Amino acid sequence: MVRTGSRKSGVKRVYTVYESRHVVCCELIADTSHLLPPSSLSRLARQWLLEDSPQLDWAGTVVGERPVGATLLLKSPGVLAGSPFAQAVFREAGCRFRWLRRNGEDLEPVCTVACVWGPARALLLAERAALNVLAWASGVATSCRSAQELARSLGCSGRLAGTRKTSPGFRLVGKHAMAVGGVETHRYGLGNLLMLKDNHLVVVGDIAKAVREARMIASVCNKIEVESRSLEEARQAALAGAGIVMLDNFTPQGVQEAARALRKEFPRLLIEASGGITQENLPLYLSPHVYVISLGSFTQQLTALDFSMKVLPELGSEPESGSSPAPDPSLGPSDFSF
């Protein structure tokens with residue numbers, strides 16, 4: 001559940017409410033960058049820099065260590081995301097920076113989002129890795145924001161979520177971009193939710209048995225979700241004690257009918273719809289009986305935003321002071337309880 005409120009100052013606050021049978025916990029998340037462990041940012045930055053320059057940097061010898069400044073430009077419309085990762089790349093290369101735009105802002109081109117200073121060789125070494133992560137993350141966030149706004153305009157009270165269908169090595173970037181875009185991140189990995197998918201059920205051979213075995217080993221913090229290919233499979237999972245059923249690859253009409261029947265028989269059951277859902281056909285899947293709709297298209301069918309870096313001699317060799325503006329408390333994820 002998500003609740004929003006505002007102080008007298010007009011600052012919007014986003015509350016995340018975690019509900020279970022016995023506990024209701026509320027916390028305030030003010031800045032999505034606080035979701036990211038600094039050690040993970042440093043590790044990813046080192047990996048990306050090593051990927052782009054594993055051996056000799058021939059062009060780096062041409063420009064050397066002379067101090068230069070540059071601007072980062074957004075050249076297509078969309079939601080800015082990925083700035084903590086780009087920042088980590090420049091920091092790892094020994095550069096200083098100042099963000100002029102904040103994560104989560106909806107921007108129009110051409111827009112200067114940041115200024116960067118450092119040795120020319122280091123600045124150019126970090127350029128491609130930083131721009132890549134900004135382009136991809138901003139594309140994800142833009143796709144998520146667009147779908148979320150569409151769903152809300154149609155009166156949807158449920159949640160939209162991403163999936164684990166992310167580019168290899170970009171899982172953390174993708175999940176963070178989903179949060180910036182305002183949708184559920186869903187599970188980060190296999191350890192965040194005990195989900196029995198179709199192949200698990202094929203191996204076990206029986207839905208009820210698979211759920212019983214899952215309940216024996218599941219942590220008190222783990223919900224059990226079962227992927228279902230029919231209403232009957234969903235009923236079997238619910239009767240066996242699953243907390244969530246996924247209606248996988250159902251037609252829009254099939255989702256509507258199955259969700260209605262399941263909600264009537266199992267009022268506390270959480271229902272997810274997934275499989276083949278895109279922003280184009282999303283309106284057909286919206287239902288008051290569906291708790292969450294997950295879309296792999298957020299990370300598989302996105303359009304990356306266009307960013308570039310321009311070295312400008314007039315910027316000088318160092319920033320005047322500081323490295324970035326204060327975080328905007330109104331920027332935060334919608335909910336991380338799923």
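Please refer to the structure higher up on the page.
What comes next concerns the included structure. (Residues numbered from 1 in each chain as written. Predicted model: local features only at pLDDT ≥ 70, side-chain atom pairs only at ≥ 80, totals over all residues. Heavy atoms only, no water.)

1. What about helix α3 (residues 83–92)?
- Across the 10 residues of α3, eight count as buried, placing the element largely inside the fold.
- All of the buried residues in α3 are Ser-83, Pro-84, Phe-85, Ala-86, Gln-87, Ala-88, Val-89 and Phe-90. (Buried < 20%, exposed > 50% of the residue type's maximum accessible area, 1.4 Å probe, protein only. Helix = DSSP H or I, 4+ residues; strand = E, 2+ residues; numbered from the N terminus.)

2. So, the packing of aromatic side chains
- If you walk through the whole model with that rule in mind, you get three aromatic pairs.
- With a centroid separation of 5.3 Å and an interplanar angle of 50°, the aromatic rings of Trp-48 and Phe-170 are classed as tilted. Here Trp-48, found in helix α1 (residues 38–52), pairs with Phe-170, found in the loop between β9 (159–161) and α5 (171–181); they are 122 residues apart in sequence, far enough to count as distant. Judged on exposure class, the residue Trp-48 and its partner Phe-170 are both buried.
- A connected cluster of aromatic rings, assembled from ring pairs, spans Trp-48, Phe-85, Trp-136 and Phe-170.
- Of note, Arg-171 hangs over the ring of Tyr-188, and the distance from its end group to the ring centre comes to 6.0 Å. (Phe/Tyr/Trp six-rings, centres within 6.5 Å; stacked < 30°, edge-to-face > 60°. Lys NZ or Arg CZ within 6 Å of the ring centre and 35° of its normal.)

3. Let's talk about the pairing of strand β11 (residues 224–228)
- With five of five residues buried, β11 is to be regarded as a mostly interior element.
- Side-chain alternation along β11 places Ile-224, Val-226 and Ser-228 on one buried face and Glu-225 and Glu-227 on a second face that is also buried.
- Two elements, β11 and strand β12 (residues 244–248), share four bridges in a ladder whose sense is parallel. Bridged to Glu-227 within β12 is Met-246.
- Taken together, β11, helix α8 (residues 231–240) and β12 constitute a β-α-β crossover, and its handedness is right-handed. (Pairing = 2+ DSSP bridges. Right-handed = clockwise from strand over helix to strand, strands pointing away.)

4. Remarks on the pattern of salt bridges
- One pass over the structure, following the stated rule, counts seven salt bridges.
- For Arg-235, the salt bridge identified is with Glu-232, shortest N-O distance 3.6 Å. Of this pair, Arg-235 and Glu-232 both sit in helix α8, three residues apart, which is roughly one turn of the helix.
- Arg-235 gets classed as partly exposed once you look at its relative accessible area, which sits at 24%.
- Overall, Glu-232 belongs to the partly exposed group, its relative accessible area being 42%.
- A salt bridge links Glu-265 to Arg-235, with the shortest nitrogen-to-oxygen separation between them at 2.8 Å. Within this pair, whereas Glu-265 is found in helix α9 (residues 252–265), its partner Arg-235 is found in helix α8, the two being separated by 30 residues in sequence.
- When salt bridges with common partners are traced through the structure, they connect Glu-232, Arg-235 and Glu-265 into a single cluster. (Salt bridge = Lys/Arg side-chain N within 4 Å of Asp/Glu carboxyl O.)

5. A few points about the nonpolar core
- With 90 residues, the main nonpolar core has Leu-72, Phe-90, Val-113 and Ile-293 as its most contacted residues.
- Apart from the residues lying within four places of it in its own chain, the contact partners of Val-113 are Leu-72, Leu-74, Leu-80, Arg-98, Trp-99, Leu-100, Arg-101, Leu-107 and Phe-307.
- Leu-193, Met-195, Ile-244 and Met-246 belong to the second-largest nonpolar core, a separate cluster that totals five residues. (Core = buried A, V, L, I, M, F, W, Y, C linked by side-chain atoms within 4.5 Å. Contact = heavy atoms within 4.5 Å.)

6. Quick notes on the pairing of strand β6 (residues 96–99)
- The two faces of β6 differ: Phe-97 and Trp-99 on one face are buried, but Arg-96 and Arg-98 on the other face are not.
- Alignment of β6 against strand β8 (residues 111–119), held across four bridges, turns out to be antiparallel. Note on β8: the bridge partner recorded for Arg-98 is Cys-115.

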